[in-house]
Amino acid sequence: MTSPINLLPAIYLDADVRNVTPVCPGRKRLGLGLDIPGQPTVRVAITLEHAQFLRDSLDDYISASAGCQRASAALPEGE
């Protein structure tokens, strides 16, 4: 069995989404918390426009990867 091709540069740290907050009317931003192994939780406040860009980008990339996910469905978790 061949290893999957790693196209994501190592500079991108592995992270899990910890939380997302509602939009703050005063700041006109929403909060996004990320857990990075060995680091404190990273919390950022992003504009609604950037949140929409993130939503659209994630939707596009997740939809495009659907074929790849089916092909790798037999891989054990964490591979």
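Look up: the structure comes first, before these words.
Structural notes, computed from the coordinates. These figures come from a predicted structure and were not determined experimentally.

In terms of helices and strands, the protein carries 2 helices and 3 strands. Shown N-terminal to C-terminal, the secondary structure of the protein runs as helices and strands in the order β-β-β-α-α. The long-range fraction of contacts in the protein, counting pairs at least 24 apart against all pairs at least 6 apart in sequence, stands at 5%. For the protein, the computed accessible surface area is about 7100 Å², with 59% contributed by carbon and sulfur atoms.

What follows deals with a nonpolar patch on the surface. Where nonpolar side chains cluster on the molecular surface, the patch consists of Leu8, Ile11 and Tyr12 and spans about 380 Å² of accessible area. Along the chain, the position of Leu8 falls in the segment before β1 (16-24).

Next up on the list: the pairing of β1. Across 6 bridges, β1 lies against strand β2 (residues 29-35) in antiparallel orientation. Looking at the pairing, Asp16 lines up with Asp35 of β2. Between β1 and β2, which follow one another and run antiparallel, lie 4 residues, and Lys28 among them has a positive phi close to 55°.

Analysis parameters
- Within every chain, residues take consecutive numbers counted from 1 along the sequence as written.
- In keeping with the predicted nature of the model, local features appear solely for residues at pLDDT of at least 70, side-chain atom pairs appear and are counted solely at 80 or more, and the whole-chain, interface and lining totals rest on all residues.
- Excluding hydrogens and water, the side-chain values take into account all heavy atoms of the structure.
- For helices the rule is a DSSP run of H or I covering at least 4 residues; for strands it is a run of E covering at least 2, with both sets numbered from the N terminus onward.
- For this analysis, residues touch if any pair of their heavy atoms sits within 4.5 Å.
- Note that accessible areas follow from Shrake-Rupley with a 1.4 Å probe, and for residues the cover is restricted to the protein chains shown.
- In this scheme, patches are assembled from residues that exceed 30% relative accessible area and form no salt bridge. Like charges are connected within 9 Å, while nonpolar side chains (Val, Leu, Ile, Met, Phe, Trp, Tyr) are connected within 5 Å.
- The term salt bridge refers to a side-chain nitrogen of Lys or Arg lying within 4 Å of a carboxyl oxygen of Asp or Glu.
- Any two strands with at least two DSSP bridges between them are considered paired.

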